Amino acid sequence: MALEIVFWVAAGLIVYAHLGYPLLLRALVAILGDRGAAAASGGELPRVSLIIPAHDEEQVIERKIANARALDYPAERLEVVVVSDGSDDRTAELARGAGADLVLEVPRGGKVAALNAAVARATGAILAFSDANSYWRPDALRRLVDRFADGKVGYACGQVRFEGGEGGNQEGLYWRYEMAVRSMETLLAGITAGNGGIYAVRREAYIELDPSRGQDIGFPFELTKRGWRAVYEPAAIAEEKMAPTVEGEFRRKRRMMWGLWDVMLRWGMLDPRGYGPIYALEIYSHRLLRYLTPWLHLIALGVNVPLLSHGWVYVATMAAQLAVLVGALLGRFIPALPFRIAYYYVTVTASIAVGLWDRLRAGGVPIGWEKVEGTR
């Protein structure tokens with residue numbers, strides 16, 4: 001019957017998005033082999049500009065610059081650039097005093113506009129980017145730069161390891177899952193998203209995105225359409241604090257999801273032109289289906305109700321769905337790991353739908369951004 005088909009399609013797509021897709025990637029890697037190994041580096045190291053966007057980061061900017069200066073990379077080939085996006089505190093002053101090579105102060109225009117302004121002044125052949133609250137391990141920059149020994153690589157991101165989470169946030173667990181998926185995508189057609197804490201772009205591959213967009217979600221697919229590869233380097237490690245609570249993570253992801261729908265529909269992520277077949281599979285599986293999960297869950301739950309009289313299997317599926325919801329409710333108050341995971345999953349999934357509501361209600365995408373340490 002039609003309701004059963006709708007239910008199993010919705011449930012099947014949810015399972016595929018979270019479990020089936022990683023298993024499919026593993027099978028494809030086994031069949032097709034490693035197509036994304038790092039090329040052997042050699043010769044003179046390229047000049048790198050490490051660009052740090054900052055808005056009211058006086059509490060961390062000195063430590064961040066000290067971290068940049070401690071990187072295992074020749075000092076004469078590393079340019080540290082700080083761009084202050086309309087800061088109202090002493091961010092720019094402290095950045096100069098801490099030894100940044102170039103400090104730019106630009107009017108408040110959003111993170112991407114600030115990065116575009118910094119790139120115009122930077123001198124590096126490789127443009128590396130990091131948030132002010134993200135601290136790189138000494139070999140992280142070399143690990144990223146090694147990826148560009150392959151002339152086809154235009155974008156490389158590293159691994160962020162999160163500290164904290166005592167308030168119940170399971171973002172670290174999510175990122176371990178996400179990084180495993182990106183490792184397999186790198187071995188195939190390339191990654192579908194990066195992260196703002198640690199990544200680099202070949203200068204000739206850099207494109208100025210609209211200030212309402214995010215580079216972490218925009219660059220991988222945009223550069224892939226232009227013939228570059230976007231890869232993940234797990235050995236390039238940065239550490240940063242996560243939002244201490246799930247509620248804080250919800251607010252952060254809600255802001256991110258506000259602009260997501262423009263990326264998919266207005267800016268062409270879902271347009272397959274320029275993609276190879278495997279990369280298109282990655283985009284539709286890892287991005288589109290992941291972002292459709294709130295509605296797939298609502299469909300599966302709603303359709304399950306009239307199917308309860310059609311056999312024990314539908315009673316079991318309803319019980320499983322209700323168990324997740326009850327577990328999420330308990331996870332708000334009880335620190336047991338299964339409940340916390342359920343709470344994190346339901347909350348973050350809901351942020352996708354709320355982000356779309358924000359977008360429709362506001363009629364546009366905000367360009368402001370906030371530091372993680374201020375998210376509670």
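Residues numbered from 1 in each chain as written. Predicted model: local features only at pLDDT ≥ 70, side-chain atom pairs only at ≥ 80, totals over all residues. Heavy atoms only, no water.

Undergrad: Please give an account of helix α12 (residues 337-362) that cites residues and values.
TA: Taking 1.5 Å per residue, 26 residues should reach 38 Å; α12 reaches 36 Å between its end C-alpha atoms and fits that length. Considered for burial, the residues of α12 that qualify are A342, Y343, Y344, T347, V348, T349, S351, I352, G355, D358 and R359. (Helix = DSSP H or I, 4+ residues; strand = E, 2+ residues; numbered from the N terminus. Expected span 1.5 Å × (residues − 1). Buried < 20%, exposed > 50% of the residue type's maximum accessible area, 1.4 Å probe, protein only.)

Undergrad: Help me get a handle on the sheet that holds strand β5 (residues 135-136), residues and values and all.
TA: If you walk across this open sheet you meet the eight strands as β3-β2-β1-β4-β7-β6-β8-β5, and the pairing is mixed. With one partner strand each, in any of the chains shown, β3 (102-106) and β5 form the two edges of the open sheet. Strand direction decides the pairing type here: strand β1 (residues 48-54) and strand β4 (residues 126-129), joined by four bridges, are parallel. Bridge pairing links V48 to I126 in β4. Here helix α2 (residues 61-69) sits on the sheet and contacts β1, β2 (78-85) and β5; the angle it forms with β2, its principal contact strand, is near 160°. Taken strand by strand, helix α7 (residues 215-225) contacts β4, β6 (153-163), β7 (199-202) and β8 (229-241), and its axis lies near 155° from that of β6. (Pairing = 2+ DSSP bridges. Contact = heavy atoms within 4.5 Å. Axes fitted to C-alpha atoms, helices over the stretch in contact; angles between N-to-C directions.)

Undergrad: Describe in detail the nonpolar core, supporting the description with residues and values.
TA: Residues I61, W136 and L141 are the most contacted members of the largest nonpolar core, which totals 36 residues. With 29 residues, the next largest nonpolar core counts V81, L102, L115 and I207 among its residues. (Core = buried A, V, L, I, M, F, W, Y, C linked by side-chain atoms within 4.5 Å.)

Undergrad: Residue-level account of the pairing of β1, with values.
TA: With seven of seven residues buried, β1 lies mostly within the body of the structure. Here β1 shows a buried face lined by V48, L50, I52 and A54 and a second buried face lined by S49, I51 and P53. Two strands pair when backbone bridges link them, and β1 and β2 are joined in this way by seven bridges, in the parallel orientation. Considered in β2, the bridge of V48 is made with L78. A crossover links β1 with its parallel partner β2, the connecting element being α2, and its sense is right-handed. (Right-handed = clockwise from strand over helix to strand, strands pointing away.)

Undergrad: Describe the pattern of salt bridges, naming the residues involved and giving the relevant values.
TA: In this structure the tally under the stated criterion is 18 salt bridges. Where R96 meets E105, a salt bridge forms, and the shortest distance between an N and an O atom there is 3.0 Å. Each of the salt bridges in this network shares a partner with another, and the network as a whole consists of E178, R182, R287 and R290. (Salt bridge = Lys/Arg side-chain N within 4 Å of Asp/Glu carboxyl O.)

Undergrad: How would you explain the packing of aromatic side chains if you had to name every residue and give the values?
TA: A full pass over the atoms with the stated rule returns 10 aromatic pairs. Ring centres 6.1 Å apart and planes at 20° place the aromatic pair F129 and Y206 in the stacked group. Of this pair, F129 sits in strand β4 while Y206 sits in the loop between β7 and α7, and the two are 77 residues apart along the sequence. Residue classification places F129 among the buried positions, given a relative accessible area of 1%. Three or more aromatic residues joined by ring pairs make a cluster, and in this case those are F129, Y155, Y199, Y206 and F219. Its guanidinium or amino end placed over the ring of Y135, R63 lies 3.6 Å from that ring's centre, counting from NZ or CZ. (Phe/Tyr/Trp six-rings, centres within 6.5 Å; stacked < 30°, edge-to-face > 60°. Lys NZ or Arg CZ within 6 Å of the ring centre and 35° of its normal.)

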